[in-house]
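# Topology and contacts: notes
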Number of protein chains: 2
Amino acid sequence: MEEIDRRIVTLLADDGRMSFTDLARETGLSVSAVHQRVRRLEKRGVIRGYAALIDHDAIGLPLTAFVSIKPTDPSAPDDAPDRLAHLTEIEACYSVAGDESYILKVRVASPAALEDLLQRIRASAAVSTRTTVVLSIPYEHRPPGLAPEEKPEAEPA
Amino acid sequence: MEEIDRRIVTLLADDGRMSFTDLARETGLSVSAVHQRVRRLEKRGVIRGYAALIDHDAIGLPLTAFVSIKPTDPSAPDDAPDRLAHLTEIEACYSVAGDESYILKVRVASPAALEDLLQRIRASAAVSTRTTVVLSIPYEHRPPGLAPEEKPEAEPA
DNA sequence: GGTGAAACATTAGACTC
DNA sequence: GAGTCTAATGTTTCACC
């Protein structure tokens, strides 16, 4: 991916509703050239989608936590992500190296709701949990700082 | 916040570029009524912004990790988030309860880049680090599942 | 708050270089 | 790939409930 695509991605990561007109001005391309590139980036999966960033306090989910999970039976097949997917409080699921197998990021209304969620996680996926409560969020969702150049592989001539 | 606003927030959290026309159809309101509500939600900070969701593999930052940090001198003033803000590899910073004081979510190009970043984190904020490498991401950025009703406080008549 | 309609801006696609 | 052109859509504002 080259310079201009990278610039487009950076701009959209920061403002997902930026118009093609503005993107064109920022990149020095014509509107339709930008339009074409954005569609291509979407099709290739570089841009996976667009989201509004929501204030979780305002929608009644003020409590964020990280829940690390470990299977109670390490020899059982590990399909925890599938088994947990129906729990809408889980915003993200990361498979990790280390003592535990996954880290979940969850958003709930209250400590009581967290307790209830933890029980549903343990029951759904046959796992033990270790929970780290988030006290405040200095920042989140910062756009990727893309380096000016990345040559992951040289093209053999 | 009531029913229709909640629906608008849910729809935009899932597709940040949905048009007002589509939002109007989904909510049963007129286009201008929806427009007004979205502007109000933005102004009140319920919608904090819009972002394109990027495939980090595609932009050359395939390695994600969680870095827990702890001050080397617990009596020093804690301004780690400010001191680390210039490091663009840090996507998010959470203040947490527990043994460590913050969890950082970082995205880098390679193990070598991670090693380098950890050194810069330690040097910038006078902290020790504990790093958990992410192996894969079953899911991430799922939209908040908003309950049909939330009455955080009853209105005294 | 809500509506409908007019003025304006953006987007999508066909076509050319 | 990028540019221009144009028809179709989408956005914004405003006067009126």
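Report on the accompanying structure. By convention here, each chain's residues receive numbers from 1 onward along its written sequence. As they are written, the chains are lettered A onward and the ligands numbered 1 onward, keeping that order. Predicted model: local features are reported for residues with pLDDT of at least 70 only, side-chain atom pairs are reported and counted for 80 or more only, and whole-chain, interface and lining totals are derived from all residues. Values reported for side chains reflect all heavy atoms of the structure, with hydrogen atoms and water molecules removed beforehand.

## A few points about helix α1 (residues 3-14) of chain B
Side chains of residues three or four places apart in an α-helix project in the same direction, reflecting 3.6 residues per turn. A run of DSSP states H or I qualifies as a helix once it reaches four residues; a run of E qualifies as a strand once it reaches two. Both are numbered from the N-terminal end. How far a helix is expected to stretch is found by multiplying one less than its residue total by 1.5 Å. With 12 residues, α1(B) ought to run about 16 Å at 1.5 Å a step, and its terminal C-alpha atoms sit 17 Å apart, in line with that. The buried label goes to any residue with under 20% of its type's maximum accessible area, the exposed label to any with over 50%, and the partly exposed label to all in between, with areas taken from a 1.4 Å probe on protein chains only. For α1(B), the set of buried residues is B:D5, B:R6, B:I8, B:V9, B:L11, B:L12 and B:A13. Residues of α1(B) that are buried sit in contact with β1 (47-54) of chain A together with α2 (20-27), α3 (31-43) and β1 (47-54) of chain B. The contact definition used throughout considers only heavy atoms, calling two residues in contact when any of these lie within 4.5 Å.

## Some words on α2(B)
Residue and element names in this part refer to chain B. Listed in full, the buried residues belonging to α2 are F20, L23, A24 and T27. Mapping the buried residues of α2 onto a view down its axis gives an arc of 100°, with all of them on the same face. The inward-facing, buried residues of α2 contact α1 and α3. G28 lies just past α2 and shows a positive phi near 80°. Arc definition: directions from the helix axis to the C-beta atoms.

## With respect to the packing of α1(B) against α2(B)
Residue and element names in this part refer to chain B. Look at α1 against α2: their axes get within 10 Å of each other, and the N-to-C directions meet at 135°. When the interaxial angle is binned, α1 and α2 end up oblique. Classified by chirality, the crossing of α2 by α1 is right-handed. Across the interface between the two elements, I4, R7, I8, L11 and L12 from α1 touch L23, E26 and T27 from α2. Here the contact of α1 with α2 is composed, by residue class, of 5 nonpolar, 1 polar and 2 charged. Every axis in this analysis is a line fitted to C-alpha atoms, fitted for helices over the stretch in contact. Angles between the N-to-C directions lie between 0 and 180 degrees. Orientation categories follow fixed angle ranges, with anything under 35 degrees roughly parallel, anything over 145 roughly antiparallel, 65 to 115 roughly perpendicular, and all other angles oblique. Should the near helix be turned anticlockwise from the far one by less than a right angle, the crossing is termed left-handed; should it be turned clockwise, right-handed. Only Asp, Glu, Lys and Arg are considered charged, only Ala, Val, Leu, Ile, Met, Phe, Trp, Tyr, Cys and Pro nonpolar, and every remaining residue, Gly among them, polar.

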